[in-house]
Amino acid sequence: MGEVDTAFKLLGPDHKIVVEAFDDPKVAGITCYVSRSKAGGLKGALGVATEKSESSIACRQVGLISSTVPIPKSEEVFSESRSLLFKKMRVVRMVDPTRQVLLYLTYSDKLVDGSPKNSLTAVPLNGAKLQFK
């Protein structure tokens, strides 16, 4: 979607905040926007920098909410590598059937200071009839 520079690097690209969008793969009408840091410098240019664990998420209804398959109570809907080895940013969809809301949680699977940094957003179903499993 876009990016902004956050720190100048003399060699290689600047550090950035990148904003990406993805549609929920099982629930039509919902798009999630994720912002995350992107390391610059020589390591960033070579793709070997370990990215920070911070990210933020905002999911919104962008059309009629529907699904042709039952939606699991909790399911990973997006992931992206954040380092050469073992670290990923993940987005998990959770269901709150009592309140008729879908929750989207983003986090890094590498622990930072004892717990993963995370961000949460909620999308009301606004009367959409989804099946949950």
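Parameters at a glance
Residues numbered from 1 in each chain as written. Predicted model: local features only at pLDDT ≥ 70, side-chain atom pairs only at ≥ 80, totals over all residues. Heavy atoms only, no water. Pairing = 2+ DSSP bridges. Helix = DSSP H or I, 4+ residues; strand = E, 2+ residues; numbered from the N terminus. Axes fitted to C-alpha atoms, helices over the stretch in contact; angles between N-to-C directions. Core = buried A, V, L, I, M, F, W, Y, C linked by side-chain atoms within 4.5 Å. Buried < 20%, exposed > 50% of the residue type's maximum accessible area, 1.4 Å probe, protein only. Contact = heavy atoms within 4.5 Å. Salt bridge = Lys/Arg side-chain N within 4 Å of Asp/Glu carboxyl O. Disulfide = S-S within 2.5 Å. Phe/Tyr/Trp six-rings, centres within 6.5 Å; stacked < 30°, edge-to-face > 60°.

*Asks:* I'd like to hear about the sheet that holds strand E6 (residues 88-96), residue by residue, with values.
*Replies:* Pairing is antiparallel in the open sheet, where four strands are placed in the order E5-E6-E7-E8. For this open sheet the edge positions go to strand E5 (74-81) and strand E8 (118-124), each flanked by a neighbour on one side alone. Neighbour-to-neighbour, the strand axes of the sheet open up by a mean angle of 20 degrees, direction not taken into account.

*Asks:* I'd love a proper account of the nonpolar core, names of residues and values included.
*Replies:* Ile30, Ile65, Leu102 and Tyr104 are the most contacted members of the largest nonpolar core, which totals 19 residues. Counting residues per element, the ones that place at least two in this core are strand E3 (28-38), strand E4 (55-66), E6 and strand E7 (101-108). If sequence neighbours within four positions are ignored, Ile65 has contacts with Val27, Ala28, Gly29, Ile30, Val123, Pro124, Leu125, Ala128 and Leu130.

*Asks:* Describe the pattern of salt bridges, and please don't skip the residues or the numbers.
*Replies:* The final tally for this structure, using the stated rule, is seven salt bridges. When the shortest N-O distance is used, the salt bridge between Arg90 and Glu76 registers 2.8 Å. Within this pair, whereas Arg90 is found in strand E6, its partner Glu76 is found in strand E5, the two being separated by 14 residues in sequence. Take Glu76: its relative accessible area is 38%, and that puts it in the partly exposed class. A salt bridge links Arg99 to Asp96, with the nearest nitrogen and oxygen atoms 3.0 Å apart. Residue class for Asp96 comes out buried when judged on its relative accessible area of 17%. Overlapping salt bridges bring together Asp24, Lys26, Glu75 and Arg93 as one network.

*Asks:* How would you explain the state of the cysteines if you had to name every residue and give the values?
*Replies:* Scanning all chains against the criterion turns up one disulfide. The side chain of Cys32 participates in a disulfide bridge whose partner is Cys59; the two sulfur atoms lie 2.0 Å from each other. With the S-S dihedral at roughly 110 degrees, the linkage between Cys32 and Cys59 falls on the right-handed side. Taken together, the positions of Cys32 in strand E3 and Cys59 in strand E4 put the pair 27 residues apart, joining distant regions of the chain. Just as Cys32 is buried, Cys59 falls in that class too.

*Asks:* Run through the pairing of E8, naming residues and quoting values.
*Replies:* Because side chains alternate across E8, one face comprises the buried residues Ser119, Thr121 and Val123, and the other comprises Asn118, Leu120, Ala122 and Pro124, none of which is buried. In this sheet, E8 lies alongside E7 in antiparallel orientation, the contact comprising seven bridges. The partner of Thr106 across the bridge, within E8, is Ser119.

*Asks:* I'd like to hear about the packing of aromatic side chains, residue by residue, with values.
*Replies:* Applying the stated rule across the entire model yields one aromatic pair. Arranged with centres 4.5 Å apart and planes meeting at 10 degrees, the rings of Phe22 and Phe78 form a pair that is stacked. One end of the pair, Phe22, is in strand E2 (residues 15-23); the other, Phe78, is in strand E5, with 56 residues separating them in the sequence. For Phe22, a relative accessible area of 11% translates into the label buried.

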